[in-house]
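Residue-level structure breakdown
Here's the letter readout for the chains.
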Amino acid sequence: MMSPSPDLRVERLLRDLAPHVLGATVRRFRDFATSEDAVQEALMLAAMRWPRDGVPDNPRAWLIQVAQRRMLDKLRGDVSRRKREAAAAAEGPIATPAPLEDEAQLDPDDTLVLLFMCCHPALTPASAIALTLRAVGGLTTAQIAKAYLVPELTMGRRISRAKESIEASGVPFSMPDADERTERLSSALHVLYLVFNEGYTTSSGTELHRADLSAEAIRLTREVQKLLPNNGDVAGLLALMLLTDARRAARTGPSGELIPLDEQDRSLWDREAIAEGVALAGAALSMGAVGEYQLQATIAAVHDEAARAEETDWPQILALYEMLMRASDSPVVALNRAIAKAMVDGPEAGLAMLAPLQEDQRLQTNHRLDAVRAHLLERAGRRDAAVELYRAAASKTASEPERNYLLMKAAKLSEPTF
């Protein structure tokens, strides 16, 4: 296998470092929007210089130094355009930034600080999640919009309003205390869940997954668990991530093609991660009220503990999805429940369960409803209808591996049978 080009290696490194740099810069200067601009300038400068001059010995510190210098330049420029006395009278004293941080002074986990800072009390949960996906997860506005099942323009406006609300609130950017962390926890966990999902199945591009995103989501969730070791939601989310990510090596073939769960080589699954996830899922169920993450982790554990696809305990999975439906109004959960119903009671029963979802506006531009309907129609022997829906689903996804898989399914069903 060919190694990535220097430019590609630099691109991946910058993508990994971006949230760390932004977290450090926002923490010092307490100005989200301007810090984001400064970090983008630092990243662009690195993208031009590093492929030519080589990556610095400490790329993280290099980026933070450049971003902070950009911030200082901005502050000096602002001061030069107005008299200090007028600024003091109108806005109070101007904070003098501390000297530039060296590596020894840096918080090694600024991304965790950034995660909780973005789940800000001035924001609605939806806005906090969108902003954090942008800042911590490094997702584009289009990817976040797809995760939320809303138009890209709507999501762009939501993120802009979130930044404006934070600036106007006057609430300082800092790591919240224990009580505040608890209040912000729901948004923070949902952010990590969505970042993991985008890493596990990317919404666009040529790769099925982005291991860097899913690994970062797992790492940050571990850090949250250290802060809250007896929280069932945190333990459940970490278990869900581990049990799902354990299958990653078996999800693609030699050419990067998608391999569905029931066709995967289960010897490639990460048994160590599965063992840890199963233990965490069991522990999470004993930590008070059972929520969405604990239930999803338990479903993932049932899948992972089956030695063969034929041995999957589908009645148990269906029962768990029935419980999950009472805790969530997610259309994706409803889709998965229909699949479980089909595995227990046949494809027509699953299709009947899907019928109400055809009116759900959140799924109108998403490919998953068409893909699931096509799969169940195929199992029911209704080949022509399945072909039409596989093609419709392929036209709605921006992920090349998913599109190729759906078109391949349509092509195989279109072949004459003798």
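Further up the page is the structure itself.
First, a word on what this report is: a plain description of the structure on this page.

Conventions and cut-offs
Residues numbered from 1 in each chain as written. Predicted model: local features only at pLDDT ≥ 70, side-chain atom pairs only at ≥ 80, totals over all residues. Heavy atoms only, no water. Salt bridge = Lys/Arg side-chain N within 4 Å of Asp/Glu carboxyl O. Helix = DSSP H or I, 4+ residues; strand = E, 2+ residues; numbered from the N terminus. Buried < 20%, exposed > 50% of the residue type's maximum accessible area, 1.4 Å probe, protein only. Patch = residues over 30% accessible without salt bridge, like charges linked within 9 Å, V, L, I, M, F, W, Y side chains within 5 Å. Areas by Shrake-Rupley, 256 points an atom, 1.4 Å probe, with all protein chains shown as cover. Lys, Arg positive; Asp, Glu negative; His and termini not counted. Charge placed at Lys NZ, Arg CZ, Asp CG, Glu CD. Phe/Tyr/Trp six-rings, centres within 6.5 Å; stacked < 30°, edge-to-face > 60°. Lys NZ or Arg CZ within 6 Å of the ring centre and 35° of its normal.

1. Some thoughts on the pattern of salt bridges
Under the counting rule described, the total for this entry stands at 18 salt bridges. We note a salt bridge from lysine 226 to glutamate 223, for which the minimum N-O separation is 3.2 Å. Note that lysine 226 and glutamate 223 are positioned in helix H10 (residues 211–227) at a spacing of three residues, about one turn of the helix. Its salt-bridge partner being glutamate 311, residue arginine 308 comes within 3.0 Å of it at the nearest N-O pair. Owing to a relative accessible area of 45%, arginine 308 belongs among the partly exposed residues under this scheme. Within this structure, Arg308, Glu310 and Glu311 form a network of salt bridges that share partners.

2. Things to note about a negative patch on the surface
A surface patch of negative charge is lined by Asp177, Asp179, Glu180 and Glu183. Turning to its location among the elements, aspartate 179 is positioned in helix H9 (residues 178–200).

3. Section: the packing of aromatic side chains
The full count for this structure, using the stated rule, is three aromatic pairs. Between tryptophan 50 and tryptophan 62, the aromatic rings sit 5.2 Å apart at their centres with planes inclined by 70 degrees, giving edge-to-face as the arrangement. Linking tryptophan 50 in helix H2 (residues 32–53) with tryptophan 62 in helix H3 (residues 59–80), this pair joins segments that are twelve residues apart in sequence. Overall, tryptophan 62 belongs to the partly exposed group, its relative accessible area being 22%. Ring centres 5.8 Å apart and planes at 10 degrees place the aromatic pair phenylalanine 196 and tyrosine 200 in the stacked group. Here phenylalanine 196 and its partner tyrosine 200 are both found in helix H9, four residues apart, which amounts to about one turn of the helix. Phenylalanine 196 gets classed as buried once you look at its relative accessible area, which sits at 3%. The class for tyrosine 200 is buried, based on a relative accessible area of 9%. Note that arginine 247 overlies the ring of tryptophan 269, its terminal NZ or CZ placed 5.9 Å from the centroid.

No statement about biological role is implied by the geometric values presented.
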